Amino acid sequence: GQLAAKNQMESLCRMHNLVHVQRYFDHVHAQTQFAAAFDAHSALAKREAEIKAKAAKRTAEIEKKKESGGVLKDTGGSFDIGLQDAKMGEVCTRFPPEPSGYLHIGHAKAALLNDYFAKEYKGKLIVRFDDTNPSKEKDEFVDNIM
């Protein structure tokens with residue numbers, strides 16, 4: 001807020017001949033910490049403007065394609081992210097459900113990703129029950145997972 005107002009303050013001081021206010025403002029701005037903060041704020045504002053411009057451009061492209069009846073490129077998610085340094089046939093993933101509760105959406109995500117990478121790299125997926133907390137494990141949860 002105040003950092004962004006620097007240019008506005010300078011304009012007001014010049015327009016209304018506020019010499020003392022301008023001198024104080026110049027003194028504050030000359031301080032290293034203020035100058036560094038102002039520069040950082042300016043860089044962030046520039047980056048924000050670039051992001052907004054890119055989003056506006058993409059929105060305009062989409063609207064133009066809609067109007068012309070063109071086909072929109074699918075921008076949906078995909079698993080096509082690869083594994084760094086993975087070797088075909090050597091990938092081994094593991095899904096260790098803990099039978100101390102019911103499975104939830106996070107478990108499903110982990111299981112699907114592990115299965116995908118095992119198949120993609122012609123490796124294997126190991127499903128092994130995690131038994132690190134035996135006091136909470138119940139047969140009901142094991143049966144549910146199976």
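None of the values given here were measured: they were computed from a predicted structure.

Colleague: What's the story with the overall build of the protein chain in this structure? I'm lost.
Modeller: Each helix and strand counted, the protein chain has five helices and two strands in total. Helices (α) and strands (β) of the protein chain occur, in sequence order from the N terminus, as α-α-α-β-α-β-α. When burial is assessed residue by residue, the protein chain has 14% of its 146 residues classed as buried. Approximately 11,800 Å² of the protein chain is accessible, and the part contributed by carbon and sulfur atoms is 56%.

Colleague: Could you clarify how one ought to interpret helix 4 (residues 105–120) in this entry?
Modeller: Helical geometry note: an α-helix holds 3.6 residues per turn, so side chains three or four residues apart project in the same direction. The first and last C-alpha atoms of helix 4 sit 22 Å apart over 16 residues, in line with the 22 Å expected at 1.5 Å per residue. Residues of helix 4 that are buried in the fold lie against strand 1 (92–95) and strand 2 (124–127).

Colleague: How should unusual backbone geometry be read in this particular structure?
Modeller: In most cases, non-glycine residues show a negative phi, while peptide bonds are predominantly trans. Unusually for a residue other than glycine, Lys122 sits at a positive phi of about 50 degrees. Structurally, Lys122 can be placed in the loop between helix 4 and strand 2. Owing to a relative accessible area of 62%, Lys122 belongs among the exposed residues under this scheme.

Colleague: Before we go on, may I ask you to explain the side chain of Thr93 in this structure?
Modeller: Structurally, Thr93 is set in strand 1. We classify Thr93 as buried; its relative accessible area is 10%. Within the local environment of Thr93, its side chain forms a polar contact with the backbone oxygen of Asn114, the two atoms lying 3.0 Å apart. Ignoring any residue separated from it by four or fewer positions in sequence, one finds Thr93 in contact with Asn114, Phe117, Ala118, Lys124, Leu125 and Ile126.

Colleague: Help me out: how do you make sense of the side chain of Asn114 in this one?
Modeller: With respect to the secondary-structure elements, Asn114 resides in helix 4. Reaching out from Asn114, the side chain makes a polar contact with the backbone oxygen of Arg94 at a distance of 2.9 Å. In this structure, Asn114 is in contact with Thr93, Arg94, Phe95 and Leu125, ignoring residues within four places of it in sequence.

Colleague: Explain the packing of aromatic side chains here, please?
Modeller: Aromatic ring pairs are described here by two measures, namely the spacing of the ring centres and the angle between the planes. According to the stated counting rule, one finds one aromatic pair in the structure shown. Both rings, one in Tyr116 and one in Phe117, keep their centres 5.2 Å apart while their planes meet at 70 degrees; by these two values the pair is edge-to-face. Exposure remark for Phe117: the relative accessible area of 9% places this residue in the buried category.

Colleague: I tried to follow the pairing of strand 2 on my own but got confused; where do I start?
Modeller: Across a regular strand the side chains alternate sides, sitting on one face of the sheet and then on the other. By the bridge criterion, four bridges tie strand 1 to strand 2 in an arrangement that is parallel. Along strand 2, the bridge assignment pairs Phe95 with Val127. For the segment spanning strand 1, helix 4 and strand 2, crossover handedness is right-handed.

Colleague: What am I meant to see in the packing of helix 2 (residues 19–30) against helix 3 (residues 32–68) here?
Modeller: Two numbers describe a pair of packed helices, the interaxial angle and the distance between the axes. Taken N-terminus to C-terminus, the directions of helix 2 and helix 3 make an angle of 80 degrees; their axes are 5 Å apart at the nearest point. It follows from the interaxial angle that helix 2 and helix 3 lie roughly perpendicular. Along its contact with helix 2, which presents Val28, His29 and Ala30, the element helix 3 presents Thr32, Phe34, Ala35 and Phe38. In the contact of helix 2 with helix 3, the residues fall into five nonpolar, two polar and no charged.

The rules we used
Residues numbered from 1 in each chain as written. Predicted model: local features only at pLDDT ≥ 70, side-chain atom pairs only at ≥ 80, totals over all residues. Heavy atoms only, no water. Helix = DSSP H or I, 4+ residues; strand = E, 2+ residues; numbered from the N terminus. Buried < 20%, exposed > 50% of the residue type's maximum accessible area, 1.4 Å probe, protein only. Areas by Shrake-Rupley, 256 points an atom, 1.4 Å probe, with all protein chains shown as cover. Expected span 1.5 Å × (residues − 1). Contact = heavy atoms within 4.5 Å. Polar contact = N/O pair within 3.5 Å; in protein donor to acceptor, adjacent residues only side chain to side chain. Phe/Tyr/Trp six-rings, centres within 6.5 Å; stacked < 30°, edge-to-face > 60°. Pairing = 2+ DSSP bridges. Right-handed = clockwise from strand over helix to strand, strands pointing away. Axes fitted to C-alpha atoms, helices over the stretch in contact; angles between N-to-C directions. Parallel < 35°, antiparallel > 145°, perpendicular 65-115°, else oblique. Nonpolar A, V, L, I, M, F, W, Y, C, P; charged D, E, K, R; others polar.

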